[in-house]
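Residue-level listing of the chains:
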Amino acid sequence: MNKGRVWKYGDDVNTDVIFPGKYTYQPMEPAEMAEHSLEDLDPGFAKAVQPGDIIVAGKNFGCGSSREQAATCLKASGVAAIIAPSFSRLFFRNAINSGLPVIELAQGTDDMQKGDLVGVDFAAGKVEHNGNIYSFPPLPPEVLAILEDGGLIPHVKKVLSK
Amino acid sequence: MGMTFAQKILAAKAGLDSIDVGQIVEIEPDVSLSHDNTAAIAKTFAKIGVSNVKDPDMFVIVLDHTVPASEEKYAQNHKEIREFVQMQGIRRFYDVGVGICHQVLPEKGFALPGTLILGSDSHTTTYGAFGAFAAGVGRSEMAVLYATSRIWLKTPASFKIIVRGKLSDPVSAKDLILNIIGSIGADGALYKSVEYTGEAIDDMSIGSRMVLCNMAIEMGAKNGYCAPDKKTFEFLVNRAEGEYTSVYPDDDAVYERVLEFDASALSPQIARPHTVDNVCSVKAVAGTPIHQALLGTCTNGRLEDLRIAAKILKGRTVANGVRLLVLPASQEILLEALKEGVIDTLVRAGGLLLNPGCGPCLGAHQGVLAPGEACISTANRNFKGRMGSRDAETYLGSPATVAASAITGVITDPREFF
Ligand code: SF4
C-alpha cells in the first residue's frame, strides 16, 4: 500500500483558494501552476509539499469554478491523492481528467491529521490510517479507465488510435 | 415509473427509452461553450493529435472574462483565440464587447428548451432557465469535445424546489436563491439536478429564472431547470437558432428531495464573506461599511436589475468614499438601458459605467479590492481573494440592496427606499 503524508483542510475548500482566479487566463505550464496551489488557503503549502503527499479535507472539496487548474496544480505539486467525504462535481471530473486520484471516503477523514501517514490502495478501494482500514466505493469502469491511462487526454488519444 | 427532467433529456440524447439515476451515458451535446479559456483548450486539443474540430457549429465562443485586454498576456490570449476560431471555421464567435457568455448565448438564440448544453464554465447552469439541460465541464473535456463531439455524463438524482407565494418588490429572485442556498448549504444539492417550480417561478421573468439557475452551482447542483412556458417562447421569437422541443418532467417522477419555500414571507437576503451559504437577512448586517458596490455580472446584470437600481438611485447620489461599478451583462442590455435612461440615472447618481463583460467579478481587472476593503456585489461568489486581496470582504445581495447600500455607504435594507 502506498503511504503518503497528510495535509489537512476543512469543509468547502473552493477553487478560488486552490488556484486564484487572477491566474486563470494567463498561459501557464503545470509546473508554474503548482507554485500557486492553495495560495489563498495555505501559503506555505506549495513550497513544502512533497511528491506522494495526500490531501485530506472536509466535505465539498473543490466547490466553485470549473477551472481545471485547481486539479492540474495539485497534480503537478506531486499530490498523490485527495481524500474527502465529498467533492464538487466539477472538481471530481477535472481531477479524474488530470489523472489525479480522488477518493470519496465516508468515514475516517475526521481522525486524519496533518503529518499523519495514510495508505491508499486505489484498485482495492481501501484507505489505511493508524491501523484502521476504511473502504470506498470503486469508480465505474468508464471512469477508472481514464484514470488508469493517466488522464482524459492520453485516454482519448489511446482510444482514437485504436 | 415517471422520469425527472434530467432522466428524460439524457435518455432522449442517448437514444434510450428510459434511464436510471446513476447510469452513465455517452452523449453529443447540442451546444458547447467556452470563453477566454479557449486558447488553453486549443492547446490541450492540439495534444490529442486531431487537426480539425469535428463539428465547428457545435461551439459558441465568447470573449468576456478580461475584456478588453488589460495586459499584454491577456491580449496574447485573445489573439490566439481569434486565430484558432478563424483556422477552425468556428462561426459562432463573439468578440470583446458583445457581453458575458451566459447572457450572450441566450440572446443569440442558442439556449433552447430541450437541448443539452455543456460549457467550460461553472455558471453554464444558467441556461436551465430556458428548459435546457446545461452543466459545466472542464477544459480537457472541452478539448475532447472539439475532437470527438462526445462526452460521458452520469444521470443525476433530482431535487424539486417548490416556491409558493409571490415575491414583493424589492425582494427578488436573488434574495430567494440566497435564502435557498443558505438553508441547504454550499453542498446541499451536490451532483443533483434541481427543478424549480411553483407559483413564484411561474410569475418570474426569464431574467429572474436565470438568476436561480445561474446560482444552482453554488449549492453544488449539476444543473438547474425551469419549465419552459409562454415567456420562454416569447423570448426566443426571432432569436432561436433552429427548432426545439420542450422537455418536461413526468408528473410521477421520483425526486430524492422535495423542498418548499414561501416567497411571500421573504425579506432581502445577503451572503456574508467568504461563502455563498453564509446567508442572513440584510437587516442583520445593516450598518456594515462598504467601499465598493458592484451592480452587474452574469447573475444580475440584466435590464430588470439595472432598472430597479436606477429606481432607487434616481435623484440620489452614491455616498462619499463608495465606488459604484455598473456592469451590464451585454451590449444588447446596455443599448436598452441607454434608451430607457437607466444608464443616465445610474451615472448621474455617481455610478461608473464599465463595458459589458465579467469585469471585477473574478478579480482580474476593472476594480479589484485592496486589503481591508469591503464590497457589496450582485455577483454569485464571495470566496476569499476572488475580487482581489485575500484580506478583502465581499457580500452578495440583490441589485436593490446594492443600490441602497451604495447611497448610504453601509449595508442597507432596500425597503428603506421603497
Ligand atoms: S460574470 Fe463572473 S461568474 Fe459570470 S461568467 Fe463572468 S466571471 Fe464567471
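Here the structure is a predicted model, which is why all the values come from computation and not from measurement.

A. Main features of the overall build of chain B. For chain B, the helix and strand inventory stands at 15 helices and 18 strands. Taken over C-alpha atoms, the radius of gyration comes to 21 Å for chain B, in line with the 22 Å a tight globule of 418 residues would show. When its C-alpha atoms are laid out on the principal axes, chain B stretches across 60 × 55 × 40 Å. The buried share of chain B, taken over its 418 residues, is 65%. Taking as baseline every contact in chain B between residues at least 6 positions apart, the subset at least 24 positions apart corresponds to 76%. Total accessible area on chain B stands at roughly 14100 Å², and carbon and sulfur atoms take up 49% of it. When the 40 basic and 47 acidic side-chain charges of chain B are each reduced to a single mean position, those positions are 3 Å apart.

B. Broad picture of the confidence of the model for chain A. The predicted model of chain A has a mean per-residue pLDDT of 92, with 100% of residues at 70 or higher. At the low end of the mean pLDDT range in chain A sits helix α6 (residues 141-148) of chain A, at 89; at the high end sits strand β2 (residues 54-56) of chain A, at 98.

C. View of the pattern of salt bridges. By the definition in use, this model includes 31 salt bridges over all chains. Among the ionic pairs, glutamate 80 of chain B bridges to lysine 43 of chain B, the shortest N-O distance being 3.0 Å. Within this pair, whereas glutamate 80 of chain B is found in helix α3 (residues 72-88), its partner lysine 43 of chain B is found in helix α2 (residues 38-48), the two being separated by 37 residues in sequence. The structure contains a network of salt bridges with shared partners spanning Asp12 and Lys59 of chain A together with Asp187 of chain B.

D. Structural context of the sheet that holds strand β2 (residues 31-34) of chain B. All names here are of chain B. Spatially, β4-β3-β2-β5-β6 is the arrangement adopted by the 5 strands of the open sheet, whose pairing is parallel. In this open sheet, the two edge strands, each paired with only one partner strand, are β4 (93-94) and β6 (133-136). Note: strand β5 (residues 116-119) against β6, 4 bridges, orientation parallel. When the bridges of β6 are listed, leucine 118 appears paired with alanine 135.

E. Layout of the domain arrangement of chain B. Residue and element names in this part refer to chain B. In terms of domains, chain B is made up of domain 1 (5-15 + 23-261) and domain 2 (269-417). The centre of domain 1, based on its C-alpha atoms, is set 24 Å off from the matching centre of domain 2. Of the residues lining the interface, 36 residues belong to domain 1; the matching set on domain 2 comes to 39 residues. At the boundary of domain 1 with domain 2, total buried surface from both sides reaches about 3000 Å², with 56% on carbon and sulfur atoms.

F. Summary view of the packing of aromatic side chains. On inspection of all chains with the given rule, the structure shows 15 aromatic pairs over all chains. Judged by centre distance (6.3 Å) and plane angle (5°), the rings of phenylalanine 87 of chain A and phenylalanine 91 of chain A are stacked. Comparing phenylalanine 87 of chain A with phenylalanine 91 of chain A, the two get one shared label, buried. An angle of 50° between the planes, with centres 5.3 Å apart, marks the rings of phenylalanine 130 of chain B and phenylalanine 235 of chain B as tilted. Of this pair, phenylalanine 130 of chain B sits in the loop between β5 and β6 while phenylalanine 235 of chain B sits in helix α9 (residues 230-236), and the two are 105 residues apart along the sequence. A relative accessible area of 0% places phenylalanine 130 of chain B in the buried class.

G. Up close: the site of the ligand. Residue and element names in this part refer to chain B. If you check the shell around the ligand, you find His65, Ile100, His102, His123, Thr297, Cys298, Cys358, Cys361, Asn380 and Arg386 and nothing else. Among the residues making up the shell around the ligand, the classes are represented as 4 nonpolar, 5 polar and 1 charged. Here the shell around the ligand gathers at least three residues from each of two domains, domain 1 (5-15 + 23-261) and domain 2 (269-417).

H. Structural context of the nonpolar core. Of all hydrophobic cores here, the largest spans 78 residues; its most connected members are Ile55, Phe61, Leu74, Ile82 and Phe91 of chain A. The element best represented in this core is helix α5 (residues 139-148) of chain B, accounting for 6 residues. Not counting residues up to four positions away in its chain, the partners in contact with phenylalanine 91 of chain A are Ile18, Phe61, Gly62, Ala70, Ala71, Leu74, Ile82 and Val102 of chain A. The next biggest cluster of nonpolar side chains, apart from the first, holds 53 residues, and it includes Leu105, Met210, Val276 and Val279 of chain B.

I. Quick look at the side chain of histidine 123 of chain B. Residues and elements named next belong to chain B. Residue position: histidine 123 is located in the loop between β5 and β6. What makes histidine 123 buried here is its relative accessible area of 4%. If we ignore the near neighbours within four places in the chain, the residues touching histidine 123 are His102, Asn214, Ile217, Glu218, Cys298, Asn380 and Arg381.

J. Quick look at the sheet that holds strand β8 (residues 158-164) of chain B. Residue and element names in this part refer to chain B. Across the sheet, 4 strands lie side by side as β10-β9-β8-β11; this open sheet has parallel pairing. At either margin of the open sheet sits one strand with a lone partner, and together these are β10 (223-226) and β11 (257-262). Averaged over neighbouring strand pairs, the angle between their axes works out to 20° when direction is ignored. Of the strand pairs in this sheet, β8 and strand β9 (residues 193-197) are connected by 5 bridges, and their pairing is parallel. Pairing of lysine 160 across the sheet is with glutamate 195, part of β9. Along the sheet, helix α1 (residues 5-14) makes contact with β8, β9 and β10, crossing β9 at roughly 120°. The strands touched by helix α6 (residues 173-184) within the sheet are β8, β9 and β11, with β11 carrying the most contacts at an inclination of about 130°.

K. View of unusual backbone geometry. Cis geometry marks the peptide bond from valine 67 of chain B to proline 68 of chain B, where omega comes out at -20°. Geometrically, the link from proline 273 of chain B to histidine 274 of chain B is a cis peptide bond, its omega value of -5° lying close to zero. Along the chain, histidine 274 of chain B turns up in the loop between β12 (269-271) and β13 (279-281). For aspartate 12 of chain A, which is not a glycine, the phi torsion comes out positive at approximately 55°. Notably, asparagine 60 of chain A is not glycine yet its phi reads approximately 60°, a positive angle. Along the polypeptide, asparagine 60 of chain A turns up in the loop between β2 and α4 (69-76). Of the residues examined, asparagine 60 of chain A reaches a relative accessible area of 0% and is grouped as buried.

L. Spatial organisation of α1 of chain B. Residues of α1 of chain B that are buried include every one of Phe5, Ala6, Gln7, Ile9, Leu10 and Ala11 of chain B, and no others. One or two residues past the end of α1 of chain B sits glycine 15 of chain B, with phi positive at roughly 70°.

Analysis parameters
Residues numbered from 1 in each chain as written. Chains lettered and ligands numbered in written order. Predicted model: local features only at pLDDT ≥ 70, side-chain atom pairs only at ≥ 80, totals over all residues. Heavy atoms only, no water. Helix = DSSP H or I, 4+ residues; strand = E, 2+ residues; numbered from the N terminus. Rg over C-alpha atoms; globule rule 2.2 N^0.38 Å. Buried < 20%, exposed > 50% of the residue type's maximum accessible area, 1.4 Å probe, protein only. Contact = heavy atoms within 4.5 Å. Areas by Shrake-Rupley, 256 points an atom, 1.4 Å probe, with all protein chains shown as cover. Lys, Arg positive; Asp, Glu negative; His and termini not counted. Charge placed at Lys NZ, Arg CZ, Asp CG, Glu CD. pLDDT = per-residue confidence, 0-100. Salt bridge = Lys/Arg side-chain N within 4 Å of Asp/Glu carboxyl O. Pairing = 2+ DSSP bridges. Domains from an automatic or database assignment. Buried area = accessible area lost by both parts, 1.4 Å probe. Phe/Tyr/Trp six-rings, centres within 6.5 Å; stacked < 30°, edge-to-face > 60°. Near = heavy atom within 4 Å. Nonpolar A, V, L, I, M, F, W, Y, C, P; charged D, E, K, R; others polar. Core = buried A, V, L, I, M, F, W, Y, C linked by side-chain atoms within 4.5 Å. Axes fitted to C-alpha atoms, helices over the stretch in contact; angles between N-to-C directions.

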